[in-house]
Structure formats: structure tokens, C-alpha cells
Amino acid sequence: MNAQHWRVLFVFVLALGWMGLIFYLSSQSEPYRGTPAQDRAGQDLVSYVGHIAEFGILAFLLRWAFAMLRLGRWSYPVALLFTMLFAVGDEFHQSFTPGRTSSSSDVGLDAIGAFGGLAVSAAMGLIFFIPLLRWRNRRSGKGLPSVREAPL
């Protein structure tokens, strides 16, 4: 395996590790046991932000991994598809966990997070990686790269 293969493998392992962490967190039964009712509003906010952040990071990692496989612009919808399939599967898994419920609103929050993660990925590509590739290719005499060649 060359260095590029190891980089792709590393990013996919990061994404799979993140998916494992999400699965572990959703396996925790009764996360609000023993808390007073007035504290639940704050915990719900933490739960909403947690859903958005978890799945935003997952979409970012998957988009990065699929971009390294040279899917180009297709890496966005493929990453979104895999993220949303995992979100639906996670909610299905939660329906079997004692003290947890499955909710379509959680899948909606996961979708917001996924779109946010993909937006961050696109912004990073425009701000950092495309100019870097153009600068590197100008120095080597290859010309300007297309957007498809950007790693993120």
C-alpha cells in the first residue's frame, strides 16, 4: 500500500470510529434518570446540540473520505446519504434501548447537522485547499486544478 492508500484508510477509520462513538452514546439507557424536571429543558438543549454536532462531524468525515476516493462533487450526496442512513439506523437502534425512544425529530436534527458538516467541508475546500492546490500546481507547472481535485 502506498501513502495515499494509508491516508484514505485512516480517514475511513476515523469515520468508523466516530460512528462507533455515536452508537455507544445512543446505547446508554435512561440518560435523564434522577434529574429534576426543571433541568430537563437544559438537557434537551444539550441533546439537540449533541445530535447536530455528532452528525455534522460524521458527514464531514465521510465527505473527506469519499473525496479522497476521487468522487469529486459526488462525495457530497454520497456522504449525506450514508450519514442519513446511519441516523435512521441509530434511531431504530434507540427504539430497542431501555429508557430511550426513537424520534423522527432527532433524524431531522441529524439532517441539519449533516448539512452543516458538509457546508463546513465545502467552505474549507474553497478557502484552504483549492488555493493551496493552485499554488502548488503553479510552482510545478501543471496549471490550475479543477474543483474536483480538491481533497476536501
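Residues numbered from 1 in each chain as written. Predicted model: local features only at pLDDT ≥ 70, side-chain atom pairs only at ≥ 80, totals over all residues. Heavy atoms only, no water.

Draft legend 1. Fine view of the packing of aromatic side chains. If you walk through the whole model with that rule in mind, you get 5 aromatic pairs. A centroid spacing of 5.6 Å and a plane angle of 75 degrees characterise the contact between F12 and F66, whose relative ring orientation is edge-to-face. In this pair, F12 is assigned in helix 1 (residues 3–26) and F66 in helix 2 (residues 37–68), connecting sequence segments 54 residues apart. On the basis of relative accessibility, which here comes to 22%, the residue F12 falls in the partly exposed class. The class of F66 is buried, set by a relative accessible area of 8%. For the pair F66 and F82, a centre-to-centre distance of 5.3 Å together with 45 degrees between the ring planes defines the contact as tilted. With F66 in helix 2 and F82 in helix 3 (residues 75–94), this residue pair connects regions lying 16 residues apart in the sequence. These aromatic residues form a ring-pair network of at least three members: F12, F66 and F82. (Phe/Tyr/Trp six-rings, centres within 6.5 Å; stacked < 30°, edge-to-face > 60°. Helix = DSSP H or I, 4+ residues; strand = E, 2+ residues; numbered from the N terminus. Buried < 20%, exposed > 50% of the residue type's maximum accessible area, 1.4 Å probe, protein only.)

Draft legend 2. Inspection of the nonpolar core at higher detail. Residues I22, F55, L58, L62, A79, M84 and F86 are the most contacted members of the largest nonpolar core, which totals 18 residues. If you list the elements that add at least two residues to this core, you get helix 1, helix 2, helix 3 and helix 4 (104–140). In terms of residue count, helix 2 provides more of this core than any other element does, 7 residues in total. If near-sequence neighbours (up to four positions away) are discounted, L62 is found in contact with A15, A79, F82 and T83. (Core = buried A, V, L, I, M, F, W, Y, C linked by side-chain atoms within 4.5 Å. Contact = heavy atoms within 4.5 Å.)

Draft legend 3. Region of the structure containing the packing of helix 1 against helix 3. Following both chains from N to C, one finds helix 1 and helix 3 inclined at 25 degrees, their axes separated by 10 Å at the closest point. The pairing of helix 1 with helix 3 is recorded here as roughly parallel in orientation. Along this stretch, helix 1 crosses helix 3, giving a crossing that reads as right-handed. Contacts between helix 1 and helix 3 involve M19, I22, F23 and S26 from the former and F86, D90, H93 and Q94 from the latter. Tallied by class, residues from the contact of helix 1 with helix 3 come to 4 nonpolar, 3 polar and 1 charged. (Axes fitted to C-alpha atoms, helices over the stretch in contact; angles between N-to-C directions. Parallel < 35°, antiparallel > 145°, perpendicular 65-115°, else oblique. Left-handed = near helix turned anticlockwise from the far one by under 90°. Nonpolar A, V, L, I, M, F, W, Y, C, P; charged D, E, K, R; others polar.)

Draft legend 4. The arrangement of unusual backbone geometry in detail. In the Ramachandran plot, R70 falls in the positive-phi region, its phi being about 65 degrees despite a non-glycine side chain. Inspection of the secondary structure puts R70 in the loop between helix 2 and helix 3.

Draft legend 5. Spotlight on the environment of F23. With respect to the helices and strands, the residue F23 is situated in helix 1. Its relative accessible area of 41% is what places F23 among the partly exposed residues. Taking the C-alpha atoms as reference points, F23 and A87, separated by 64 residues in sequence, lie 10.0 Å from one another.

Draft legend 6. Molecular detail of the side chain of D110. Its place among the elements puts D110 in helix 4. Lacking a salt bridge, the buried D110 has R100 as its closest oppositely charged neighbour, with an N-O distance of 9.7 Å. A polar contact is formed between the side chain of D110 and the side chain of H51, at a distance of 2.7 Å. Not counting chain neighbours up to four residues away, the residues in contact with D110 comprise H51, F55, M84, A87 and E91. (Lys, Arg positive; Asp, Glu negative; His and termini not counted. Salt bridge = Lys/Arg side-chain N within 4 Å of Asp/Glu carboxyl O. Polar contact = N/O pair within 3.5 Å; in protein donor to acceptor, adjacent residues only side chain to side chain.)

Draft legend 7. Focus on the side chain of S75. Note on placement: S75 falls in helix 3. A polar atom in the side chain of S75 sits 3.4 Å from the side chain of R63. Only 2.7 Å separates the side chain of S75 from the backbone oxygen of G72, close enough to count as a polar contact. Apart from residues no more than four positions distant in its own chain, S75 is found in contact with R63, F66 and A67.

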